[in-house]
Amino acid sequence: MKKHLITLALVLLIPVLLLAQGTNAQYRMYVNQYKDLAIEQMLKYHIPASITLAQGILESRGGMSDLALKGNNHFGIKCHDWTGPTMHHDDDALGECFRVYNNARQSYEDHSKFLSGRQRYRSLFSLDVKDYRGWARGLKNCGYATSPTYAESLIKLIETYDLHQYDYAKSYDKFMADKVSKDRPAGSGQSLHPIYIYNKNYYLVARQGDTFKSIGKEVNISYRKLAKHNERNKKDLLREGDIVYLKKKQTKALKQFKGHPHIVRAGESMYQISQMYGIRLKSLYEMNRLEPDYQVKVGDRLIVR
């Protein structure tokens, strides 16, 4: 069973792994997790989402820096004119003071206010929001960072991970933006579950010891609703490798599976197959005109779209 669950997880990770070839997978996860926050800030403050994401990746090492893990500080903003909580970290000098936030959205919002509210960055806001190269070089010229290659580093990240596509966005996924607004208590130092995108849904892979309650608390979703989205009882135990969808599943699989039935393998159940394709169990039965108590057999061909 454990081997099968790992296989199931790998099947769902294929789209992510293909995208990550030749790139940093952690950075890809970061983009998936925070792109909607970056778009939200762009629409509110006229700062390119690509610039915000690239700065977040660079300053926080894709969300894995001490400042991000312990202080939710994704942009390395120091304590100047700050009356909130702080932490000390070695940067240009030993033990420098940095701002601490309650969550990622506070960090993103403060980053936007930091840029938009200071005279030294005023010239940037005359640039087109799609001019990420101008913004990157402008940030360096305005003294945002001391590294002489700061602008080039931002531009490389934007072009490597296609971040400029988000500069054209007219809307964003409020579900994800709200999710990361309460993602981690400051000071916990805990690594979040990576969130993946599949079949117009978001999902994560359960770790040892996870429960619907613990995951629900992390992603800011009622554990009852989380269990319902996954067609399980809220008291069910989760196994390492279980797929946990964060929104209600679709009624059909991705378009690429049209005309390509799933051939049942040893150890698979209807439920596992429904999770594999990100579709509702009821829909899987209905598409195949099967009774709810039908038990699949090895070699059965199941329509998934």
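Further up the page is the structure itself.
Residues numbered from 1 in each chain as written. Predicted model: local features only at pLDDT ≥ 70, side-chain atom pairs only at ≥ 80, totals over all residues. Heavy atoms only, no water.

Caption draft 1: Seen up close, the packing of aromatic side chains. Applying the stated criterion across every chain, the model contains 14 aromatic pairs. Between Y30 and Y34 the ring centres are 4.6 Å apart and the planes differ by 45°, which places this aromatic pair in the tilted class. With Y30 and Y34 both in helix α2 (residues 25-45), this residue pair falls four residues apart, about one helical turn. Both residues of the pair, Y30 and Y34, belong to the buried class. Here W82 and Y101 contribute two aromatic rings whose centre-to-centre distance is 5.5 Å and whose plane-to-plane angle is 65°, an arrangement assigned as edge-to-face. Here W82 is found in the loop between α4 (66-71) and β1 (86-89), whereas its partner Y101 is found in the loop between β2 (96-99) and α5 (104-116), with 19 residues between them in sequence. What links up through ring pairs into an aromatic cluster is the set Y30, Y34, F75 and Y108. The side chain of K174 reaches across the aromatic face of Y172, ending 4.8 Å from its centre. (Phe/Tyr/Trp six-rings, centres within 6.5 Å; stacked < 30°, edge-to-face > 60°. Helix = DSSP H or I, 4+ residues; strand = E, 2+ residues; numbered from the N terminus. Buried < 20%, exposed > 50% of the residue type's maximum accessible area, 1.4 Å probe, protein only. Lys NZ or Arg CZ within 6 Å of the ring centre and 35° of its normal.)

Caption draft 2: View of the state of the cysteines. Enumeration over the complete set of coordinates arrives at one disulfide. Here C79 engages in a disulfide with C97; their sulfurs sit 2.0 Å apart. Across the disulfide from C79 to C97, rotation about the S-S bond amounts to roughly -75°, and the bridge is consequently left-handed. With C79 in the loop between α4 and β1 and C97 in strand β2, this pair connects stretches of sequence that are 18 residues apart. Judged by relative accessible area, C79 falls into the buried class, the value being 14%. Judged by its relative accessible area of 26%, C97 falls in the partly exposed class. (Disulfide = S-S within 2.5 Å.)

Caption draft 3: Up close: the sheet that holds strand β5 (residues 243-245). Taken in spatial order, the three strands make up an open sheet running β3-β4-β5, and their pairing is antiparallel. In this open sheet, the two edge strands, each paired with only one partner strand, are β3 (196-198) and β5. Here the strands of the sheet are splayed against their neighbours by 40° on average, with no regard to which way each runs. Alignment of β3 against strand β4 (residues 201-205), held across three bridges, turns out to be antiparallel. Each residue of the ladder has a partner; that of I197, found in β4, is Y202. (Pairing = 2+ DSSP bridges. Axes fitted to C-alpha atoms, helices over the stretch in contact; angles between N-to-C directions.)

Caption draft 4: Layout of the side chain of N103. Counting through the fold element by element, N103 comes out in the loop between β2 and α5. Residue N103 is classed as buried on the basis of its relative accessible area of 12%. A polar side-chain atom of N103 sits 3.0 Å from the main-chain amide nitrogen of Q106. (Polar contact = N/O pair within 3.5 Å; in protein donor to acceptor, adjacent residues only side chain to side chain.)

Caption draft 5: Fine view of the layout of surface pockets. Taken as a whole, the largest pocket holds about 610 Å³ of empty space. Lining the largest pocket are 25 residues; nearest its centre among them are E59, G76, K78, D91 and Y144. For the lining of the largest pocket, the secondary-structure elements that each account for two or more residues are α3 (49-60) and α4. In terms of residue class, the lining of the largest pocket is built from 10 nonpolar, seven polar and eight charged. (1 Å grid on protein atoms, 1.4 Å probe; cavity = no way out; pocket = protein on both sides within 12 Å on 5 of 7 lines; lining within 4 Å. Points joined across faces, edges and corners; volume = space filled by probe spheres on them. Nonpolar A, V, L, I, M, F, W, Y, C, P; charged D, E, K, R; others polar.)

Caption draft 6: Up close: unusual backbone geometry. Backbone geometry at N72 places phi at a positive 55°, although glycine is not the residue there. The topology assignment puts N72 in the loop between α4 and β1. Even without a glycine there, the phi angle at N220 is positive, about 60°. By secondary structure assignment, the location of N220 is in the loop between α9 (212-219) and α10 (223-229). Take N220: its relative accessible area is 39%, and that puts it in the partly exposed class.

Caption draft 7: Main features of α2. Under the 1.5 Å per step criterion, the end-to-end length of α2 is 29 Å for 21 residues, consistent within 8% with the ideal 30 Å. Of all the bends in α2, the largest measures some 50° and sits at Y34. The element α2 is extensively covered by neighbouring structure, given that 16 of its 21 residues are classed as buried. Measuring from the backbone nitrogen of Q26 back to the side-chain oxygen at the start of α2 gives 2.8 Å, which picks out N24 as the cap. (Expected span 1.5 Å × (residues − 1). Bend = angle between axes of the 7 residues up to and from the residue.)

Caption draft 8: Fine view of the environment of L226. Tracing the sequence through the fold places L226 in helix α10. The exposure class of L226 is buried, given its relative accessible area of 0%. Separated by 13 residues in sequence, L226 and K213 place their C-alpha atoms 8.7 Å apart. Those residues in contact with L226 that sit more than four places away from it in its chain are F212, I215, G216, I221, V244, Y245 and L246. (Contact = heavy atoms within 4.5 Å.)

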